[in-house]
Amino acid sequence: MRLSRYFLPILRETPKEAEIVSHRLMLRAGLIRQQAAGSYSWLPLGLRVLDKVNAIIREEQNRSGAIELLMPTIQSAELWRESGRYDAYGKEMLRIKDRHERDMLYGPTNEEMITDIFRAYVKSYKDVPLNLYHIQWKFRDEVRPRFGVMRSREFLMKDAYSFDIDQAGARHSYNKMFVAYLRTFHRLGLTAIPMRAESGPIGGDMSHEFIILASTGESEVFCDKAFLDYQVPTADTNFDDVAGLESIVKKWTTPYAATSEMHDAAAFDTLPADDRVSARGIEVGHIFYFGTKYSQPMNAVVKGPDGQDVPVHMGSYGIGPSRLIAAVIEASHDDGGIIWPEAIAPFKVGILNLKVGDQATDAACETLYHALEARGIDVLYDDTDDRPGAKFATADLIGLPWQAVVGPKGLAEGKIELKRRTDGSRQLVSLEDAVAILSA
RNA sequence: CGGAGUGUAGCGCAGUCUGGUAGCGCACUACGUUCGGGACGUAGGGGUCGCAGGUUCAAAUCCUGCCACUCCGACCA
């Protein structure tokens, strides 16, 4: 992509409404634009990141055996009356009437709808376990949206729903998601710690929040230092190995970890002082097992081997990709701007042409640009006629992992400069070597 | 929902107290000079001063009502 033809509305000054780092940087780097309280447009650069985050989430959901579908955002109130939640949910749910005066709602979550789909088609114990998920916009009419996309009213959510014949099966489904979540957050460059959680309005009795540590986090959290050294399960983890998954989950749920609501100071204090981590955290995922809470009232049953109807045991599993992006920025930035993990960077490489119009410089940039594009690398070529200083500032702000700095000075020796955004380290290399390094 | 604020050009702000031709910086357009860490000069363009009503010869400025947004708190993916 050539910057001169791209849509990248950078803000030089910080909009006054933005208090926290991620919000400031997302506005300045042209990732999002606020449209109303808690409502944001995703601009091209932001959308690229969102798509990459979603791709990783998908890969890990699919790897664990979950299957993607897509449900509508507007739902009928009828389903929610069946589960009893139409009255229970409260003002957070945006209620709408259609032209026929039918009660509709903008979905804050999809347990009812997925249960409806399940019960319509699945009739036998032979067809479970089943885990269906989608990545879709949700609306929750928060009393007080804030912190940009960290707490918005309209937000993207990956929500998965598992169906099993009994609690033991549901436990395994829960463990699959648990491991998938560990892997997902790890691939995004985050250290996420599972913490026992209250099950909230969704109900149920087995629930974990995945929290990443960040000094600007919304909640206070406490955990054992041991988590920081834990190795995340590898990609070849066998998700059908019941005992294997159980032992992974056990390992990750044994050391002390709790949010302030669940905190047990006495238990925490039994840890050696050096092992106690008390910090701020951001919730990036939440998983629940809630048994037959929805299947019973909504009559989602399957025939068991004995011919009897059994209500299915369900769980639900949520990740907020839009919030996740803010969390990544909170965890990874410096004074100059965002520092994207390579996996979700909107572009892997930025080419900085320091002297547009200079024949040798233009030629070197074009050669590099085409070579990288030909290799399928996402590259943003800054071919604008801004001065070098402005280009450096922009490149740092939008946080691309690699900057290929091309100017007459280096080219005099046949070299360009490769700079890493993470640590600012630079190396002078030939064009060919640059292509090789960036393609690796 | 309680408390505190803010709305003036795309962004950041001054002007409001004390009513009298709507300003500054950045950004934008043109030309020139510059060019390895957010350049400079000259000349331009752009505003229903959040909305409605009122007071007045005259309202960004005073009064009344409304709307939007932000922050702190309680609540939450």
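Residues numbered from 1 in each chain as written. Chains lettered and ligands numbered in written order. Predicted model: local features only at pLDDT ≥ 70, side-chain atom pairs only at ≥ 80, totals over all residues. Heavy atoms only, no water.

## Observations regarding the packing of aromatic side chains
Consideration 1: If you walk through the whole model with that rule in mind, you get 16 aromatic pairs.
Consideration 2: Taken together through their ring pairs, the aromatic side chains of Phe-178, Tyr-181, Phe-185 and Phe-210 make up a single cluster.
Consideration 3: Geometry around Tyr-86 places Arg-81 over its ring, the cationic atom sitting 4.6 Å from the centre.
Consideration 4: The ring of Trp-402 has Arg-420 lying over it, and the distance from NZ or CZ to the ring centre is 4.0 Å. (Phe/Tyr/Trp six-rings, centres within 6.5 Å; stacked < 30°, edge-to-face > 60°. Lys NZ or Arg CZ within 6 Å of the ring centre and 35° of its normal.)

## Things to note about the protein's contact with RNA strand B
Consideration 1: If you check the shell around RNA strand B, you find 41 residues, and the closest are Arg-144, Arg-151, Ser-152, Glu-283 and Asp-396.
Consideration 2: In the interface set of RNA strand B, defined as its atoms within 4 Å of the protein, sugar plus phosphate atoms amount to 46%.
Consideration 3: Residue Gly-407 places a main-chain N or O atom 3.4 Å away from a base oxygen belonging to RNA strand B.
Consideration 4: Looking at the surface near RNA strand B, the elements with two or more residues in it are strand 1 (32-36), strand 13 (276-291), helix 11 (388-398), helix 12 (408-411) and strand 22 (416-420).
Consideration 5: With 7 residues, the single largest contributor to the surface near RNA strand B is helix 11. (Near = heavy atom within 4 Å. Polar contact = N/O pair within 3.5 Å; in protein donor to acceptor, adjacent residues only side chain to side chain. Helix = DSSP H or I, 4+ residues; strand = E, 2+ residues; numbered from the N terminus.)

## Brief notes about the sheet that holds strand 23 (residues 426-429)
Consideration 1: Spatially, 20-19-21-22-23 is the arrangement adopted by the 5 strands of the open sheet, whose pairing is mixed. The open sheet is flanked by strand 20 (379-382) and strand 23, the only strands paired with a single partner. Sheet twist, expressed as the mean angle between neighbouring strand axes with direction ignored, is 20 degrees.
Consideration 2: Pairing of strand 22 with strand 23 involves 4 bridges; the strand directions are antiparallel. The partner of Leu-418 across the bridge, within strand 23, is Gln-427.
Consideration 3: Strands in contact with helix 10 (residues 359-374) are strand 19 (349-353), strand 20, strand 21 (402-406) and strand 22; relative to strand 19, the strand with the most contacts, it is inclined by about 165 degrees. (Pairing = 2+ DSSP bridges. Axes fitted to C-alpha atoms, helices over the stretch in contact; angles between N-to-C directions. Contact = heavy atoms within 4.5 Å.)

## Regarding the side chain of Arg-323
Consideration 1: Structurally, Arg-323 can be placed in helix 9 (residues 321-331).
Consideration 2: By relative accessible area, which is 16% here, Arg-323 ends up buried.
Consideration 3: Among all residues touching Arg-323, those that are not within four sequence positions of it are Val-149, Met-150, Arg-151, Glu-218, Ile-282 and Glu-283. (Buried < 20%, exposed > 50% of the residue type's maximum accessible area, 1.4 Å probe, protein only.)

## Some points on the packing of helix 2 (residues 44-63) against helix 6 (residues 167-187)
Consideration 1: Where helix 2 meets helix 6, the axes come as close as 9 Å, and the angle between the chain directions of the two elements is 150 degrees. Taken together, the axes of helix 2 and helix 6 lie roughly antiparallel to each other. Relative to helix 6, helix 2 is oriented so that their crossing is right-handed. From helix 2, Ile-56, Ile-57, Glu-59, Glu-60, Gln-61 and Arg-63 reach across to helix 6, where they touch Met-177, Ala-180, Tyr-181, Arg-183, Thr-184 and Arg-187. (Parallel < 35°, antiparallel > 145°, perpendicular 65-115°, else oblique. Left-handed = near helix turned anticlockwise from the far one by under 90°.)

## Comments concerning the pattern of salt bridges
Consideration 1: As enumerated under the stated definition, the model contains 28 salt bridges in all.
Consideration 2: Glu-246 serves as the salt-bridge partner of Arg-171, at 3.3 Å between the closest nitrogen and oxygen. Separated by 75 residues along the polypeptide, Arg-171 in helix 6 and Glu-246 in helix 7 (residues 242-253) bring together distant segments of the chain.
Consideration 3: Relative accessible area serves as the criterion here: at 29%, Arg-171 is assigned to the partly exposed category.
Consideration 4: The partly exposed category is assigned to Glu-246, whose relative accessible area is 29%.
Consideration 5: Here the salt bridges share partners, and the residues they tie into one network are Glu-59, Glu-60, Arg-63, Arg-183 and Arg-187. (Salt bridge = Lys/Arg side-chain N within 4 Å of Asp/Glu carboxyl O.)

## Brief notes about the sheet that holds strand 5 (residues 94-97)
Consideration 1: Pairing is antiparallel in the open sheet, where 3 strands are placed in the order 4-6-5. The two strands at the open ends of the sheet, each matched to only one other strand, are strand 4 (74-76) and strand 5. The average angle at which neighbouring strand axes cross in this sheet is 40 degrees, direction not considered.

## Here we look at the packing of helix 6 against helix 7
Consideration 1: Running from amino to carboxyl end, helix 6 crosses helix 7 at an angle of 60 degrees, the nearest separation of the two axes being 9 Å. Between helix 6 and helix 7, the crossing angle belongs to the class labelled oblique. Crossing geometry of helix 6 relative to helix 7 is assigned as left-handed. Together, Arg-171, His-172, Asn-175, Lys-176, Phe-178, Val-179 and Leu-182 of helix 6 and Val-242, Leu-245, Glu-246, Ile-248, Val-249, Trp-252 and Thr-253 of helix 7 make up the contact between the two elements.
Consideration 2: Among the residues making up the contact of helix 6 with helix 7, the classes are represented as 8 nonpolar, 3 polar and 3 charged. (Nonpolar A, V, L, I, M, F, W, Y, C, P; charged D, E, K, R; others polar.)

## A look at the environment of Met-71
Consideration 1: Among the secondary structure elements, Met-71 is positioned in the loop between strand 3 (67-68) and strand 4.
Consideration 2: The class of Met-71 is buried, set by a relative accessible area of 5%.
Consideration 3: Sequence spacing of Met-71 and Ser-316 is 245 residues, and the spatial spacing of their C-alpha atoms is 15 Å.
Consideration 4: Among all residues touching Met-71, those that are not within four sequence positions of it are Asn-110, Met-113, Ile-114, Ile-117, His-134, Gln-136 and Tyr-161.

## Let's talk about unusual backbone geometry
Consideration 1: The omega torsion of the bond from Val-128 to Pro-129 falls at 5 degrees, within 30 degrees of zero and hence cis.
Consideration 2: Tracing the backbone shows Pro-129 in the loop between helix 5 (111-121) and strand 7 (130-139).
Consideration 3: A positive phi angle is found at Glu-101, which is not glycine, with a value near 65 degrees.
Consideration 4: Along the chain, the position of Glu-101 falls in the loop between strand 5 and strand 6 (103-106).
Consideration 5: Under the relative-accessibility criterion, Glu-101 is labelled exposed at 56%.
Consideration 6: At Phe-147, a residue that is not glycine, the phi angle is positive and equals roughly 60 degrees.
Consideration 7: In this structure, Phe-147 sits in the loop between strand 7 and strand 8 (154-164).
Consideration 8: Of the residues examined, Phe-147 reaches a relative accessible area of 27% and is grouped as partly exposed.

Distances and angles like these do not, on their own, reveal function.
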